[in-house]
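Chains, contacts and geometry: an overview
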Amino acid sequence: MLTTAAAPLCLHKSMRIKKTQKQKHKQFHQNAKPNLSFPKSSPTPLLIDHKPHNHTKLQALEAILHDLRACIQNGITVDAQIFTSLLETCFQLQAFDHGFRIHRLIPSILLRKNVALSSKLLRLYASSGRIEEAHQLFDQMSRRNDSAFAWNSLISGYAELGLYEDAMALYFQMAEEGVAPDRFTFPRVVKACGGIGSISVGEEVHRHIVRRGFADDGFVLNALVDMYSKCGDIVKARKVFDKIVCKDSVSWNSMLTGYVRHGLPSQALSIFRRMLRDGFEPDAVTISTLVAGTQSLKLGRQIHGWVIRYGSQWNLSIANSLIVLYSNHGKLDQARWLFDRMPERDVVSWNSIISAHRKDPKAITYLSRLQKADVRPDVVTFVSLLSACAHSGLIEVGEGLFSMMREDYGIVPSMEHYACMVNLYGRSGLIEEAYGIIEKRMEFEAGPTVWGALLYACYLHHNVDIGKIAAGCLFELEPDNEHNFELLMNIYSNAGRVEDAEKVRKMMADRGFTQT
């Protein structure tokens, strides 16, 4: 049994499983298909009878469900193995709605008695993002400790929804109840550690992995590389990476992404070259992350050259990331060249090119092109468009876009949208109107981005009174942000209010800020 007495593991006492979770529904596809702790479901007569050549798999599944319902209505008892096989099929096809309909056909007593059946159903709910229903099933399982399968499914469900603390709490509960983790437990737990960003908890889980005999398991080691990278220890990530005897594409991609995340282009390029030399190709997601995240135009161009040689330039996610790369480095001609030649575009493509022109009135022209292409703009699209209006002083256009966003597309304005509107009015010198948005139009409390836009506008246009109000709010919201103090001090200095500027200078000194 794993010990949970160590200091880092005291987290589990405070991490309670919440019965009501915020909904962050996002379905995912598992990278690995685990060797389950239960016997593999074998074909049944009900399944064998249906092998239609002219039907899709989902149509075949629908036909089987129809027959199954008819059997039950006629009083025929359906064996648990049939339900188990069907739930496995639903999971493999990601046919979640079919699985939920099967659930309604399963007798409650059968579900309580058969741990394999309830485990398969729990996994289906957890995989679909319906974590509350999954946890209810888990709580009703009388023999859930027979294997790690049900625990793994629930931990994975929480981790995939970004509820990392709940995933970790389950792991600690699993240890307390004496359930032995398997090689599929640890990658999910390590993922949650990376999500929390706690290096101490991650190191403790790593020790558990060693004690349980999984220190050489490639599947687990790949997860550790990613975890240490996300927790900020790229050196330990590399040490784990070097211990992997048989590296696969996941190993290389994890290390490559880690170096990009830490802003280490030369190490990333070295890994990239070694990866290619050893016969592995980075996947589209990794290339996109690498290209979009690199601060080195030289590295980005080298990767672009490789992408062209291997014929992947027009992969949608890669092309989008290349647009971001060139626009981030001010190469708008190259960004436009790529965008105009893309064989297909999604909303991310349009957002990337519009964002590239966020300080240019040309951004507005892309909206009409987007609409003609029958692409629906999203929240990100309007942030970039409103930002372009603010930088170009297009007040009426910005007001029209803000109305269009709400009325035509039903998008509820976010903090970023309101910050753009404050910036729009503020940069044009309409400080009172900008302040009025915060006071009269926002449905929620303004955050640092909104007040920051107003304070900067007050600095540009020498408005002391409203600048003082904005700065006061920012001092409460961001007490450690030195930039806010500097702006207010400059506002006072420009207005000739030397004593007030000196008071702000003293406040900065008291907080330990270094003054330029």
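The residue numbering used here restarts from 1 in each chain and proceeds along that chain's sequence as written. Where local features are concerned, this predicted model is filtered to residues with pLDDT of at least 70; where side-chain atom pairs are given and counted, the filter is 80 or more; whole-chain, interface and lining totals use all residues. Side-chain descriptors were evaluated using all non-hydrogen atoms of the structure, hydrogens and water having been removed beforehand.

**What about the overall build of the chain?**
Of regular secondary structure, the chain possesses 30 helices and 0 strands. As displayed, the chain offers around 25,300 Å² of accessible surface, 51% of which is attributable to carbon and sulfur atoms. Secondary structure elements follow DSSP: runs of H or I of four or more residues count as helices, runs of E of two or more count as strands, with numbering from the N terminus. Each accessible area value is a Shrake-Rupley result obtained with a 1.4 Å probe; residue values ignore everything except the protein chains displayed when judging cover.

**Here's the deal with unusual backbone geometry**
Non-glycine residue Gln94 carries a positive phi angle of around 55°. Mapping Gln94 onto the fold places it in the loop between α4 (80–93) and α5 (96–105). Buried residues are those whose accessible area, probed at 1.4 Å on protein chains only, stays under 20% of the maximum for their type, while exposed residues exceed 50% and partly exposed ones sit between those limits. Overall, Gln94 belongs to the partly exposed group, its relative accessible area being 22%. The phi angle at His462 is positive, at roughly 60°, despite the residue not being glycine. Along the polypeptide, His462 turns up in the loop between α27 (448–461) and α28 (464–477). We classify His462 as exposed; its relative accessible area is 54%.

**Some points on α4**
An ideal rise of 1.5 Å per residue puts 20 Å on 14 residues; α4 measures up with 20 Å between its terminal C-alpha atoms. Most of α4 sits out of view: 10 of its 14 residues are buried. Buried residues of α4: Ala80, Ile82, Phe83, Thr84, Ser85, Leu86, Leu87, Glu88, Cys90 and Phe91, and no others. By the criterion applied in these results, polar contacts are pairs of N or O atoms within 3.5 Å in which, for protein atoms, one can donate a hydrogen and the other can accept it, and in which residues neighboring in sequence qualify only through two side-chain atoms. In this structure Asp79 caps α4, since a side-chain oxygen of it lies 2.7 Å from the backbone nitrogen of Gln81. Backbone geometry just after α4 places Gln94 at a positive phi near 55°. In this scheme, a helix's expected span is set at 1.5 Å multiplied by one less than its residue total.

**What about the packing of α27 against α28?**
Every angle, taken between N-to-C directions, lies between 0 and 180 degrees, and every axis is a line fitted to C-alpha atoms, over only the stretch in contact when it is a helix. Look at α27 against α28: their axes get within 9 Å of each other, and the N-to-C directions meet at 145°. Pair α27 / α28 crosses with left-handed handedness. Every residue of α28 that contacts α27 at Pro448, Trp451, Gly452, Leu454, Leu455 and Cys458 is listed here: Ile466, Gly467, Ile469, Ala470, Ala471, Cys473, Leu474 and Leu477. Each residue belonging to the contact of α27 with α28 can be placed in one class, and the counts come to 12 nonpolar, 2 polar and no charged. The handedness criterion is simple: a crossing whose near helix is rotated anticlockwise from the far helix by less than a right angle is left-handed, and one whose near helix is rotated clockwise is right-handed. In what follows, residue pairs with any heavy atoms lying within 4.5 Å of each other are defined as contacts. Polarity classes work like this: nonpolar for Ala, Val, Leu, Ile, Met, Phe, Trp, Tyr, Cys and Pro, charged for Asp, Glu, Lys and Arg, and polar for all others, with Gly in that last group.

**Considerations on the packing of α27 against helix α29 (residues 482–494)**
Running from N to C, α27 and α29 point in directions that differ by 25°, and their axes come no closer than 9 Å. If you check the angle between α27 and α29, you find them roughly parallel. Taken as a pair, α27 and α29 cross one another with a handedness that is left-handed. Here Leu455, Tyr456, Cys458 and Tyr459 of α27 lie close against α29, whose contacting residues are Asn484, Leu487, Asn490, Ile491 and Asn494. Among the residues making up the contact of α27 with α29, the classes are represented as 6 nonpolar, 3 polar and no charged. Any angle between 65 and 115 degrees counts as roughly perpendicular, while under 35 counts as roughly parallel, over 145 as roughly antiparallel, and the rest as oblique.

**Focus: the environment of Thr514**
Within the secondary structure layout, Thr514 lies in the segment after α30 (498–510). Judged by relative accessible area, which is 60%, Thr514 ranks as exposed. Once the C-alpha coordinates of Thr514 and Glu482 are considered, the two residues, 32 residues apart in sequence, prove to be 8.6 Å apart.

**Details of the pattern of salt bridges**
Salt bridge criterion: a side-chain nitrogen from Lys or Arg within 4 Å of a carboxyl oxygen from Asp or Glu. Summed over the entire model, instances satisfying the criterion amount to 20 salt bridges. A salt bridge links Arg497 to Asp500, with the shortest nitrogen-to-oxygen separation between them at 2.8 Å. Among the charged side chains, a network of salt bridges with common partners joins Glu88, Lys120 and Arg123.

**Considering the confidence of the model for the chain**
Scored from 0 to 100, pLDDT reflects the predictor's confidence in each residue. This prediction gives the chain a mean pLDDT of 85; 89% of its residues lie at or above 70. Ignoring residues within four places in sequence, the model shows residues 1–54, a span with pLDDT below 50, making 105 contacts including any to other chains.

**Regarding the side chain of Asn484**
Topologically, Asn484 is positioned in helix α29. The class of Asn484 is buried, set by a relative accessible area of 4%. Here Asn484 is in contact with Leu455, Leu474, Phe475 and Glu478, once residues within four sequence places are set aside.

**Details of empty space enclosed by the protein**
A pocket here means an open set of points on a 1 Å grid, computed over the protein atoms alone, that has protein on both sides within 12 Å along at least five of seven lines. A cavity is instead a set of points where a 1.4 Å probe fits but cannot get out; residues with an atom within 4 Å of a point line either one. Grid points are joined across faces, edges and corners, and a volume is the space filled by probe spheres set on the points. Tallying each qualifying case throughout the model produces 3 cavities of 30 Å³ or more. In terms of lining, the second largest cavity is formed by Tyr259, Val260, Gly263, Leu264, Pro265, Ala268, Gly293, Thr294, Gln295 and Leu299. Counting only elements with at least two residues in the lining of the second largest cavity, the list comes to α15 (249–261) and α16 (265–277). By residue class, the composition of the lining of the second largest cavity is 6 nonpolar, 4 polar and no charged.

**What about the environment of His98?**
Examined against the element boundaries, His98 turns out to sit in helix α5. Put simply, His98 and Leu61 are 37 residues apart on the chain and 8.0 Å apart in space, counted from C-alpha to C-alpha. Within the structure, His98 has its side chain in polar contact with the side chain of Glu62 (distance 3.0 Å).

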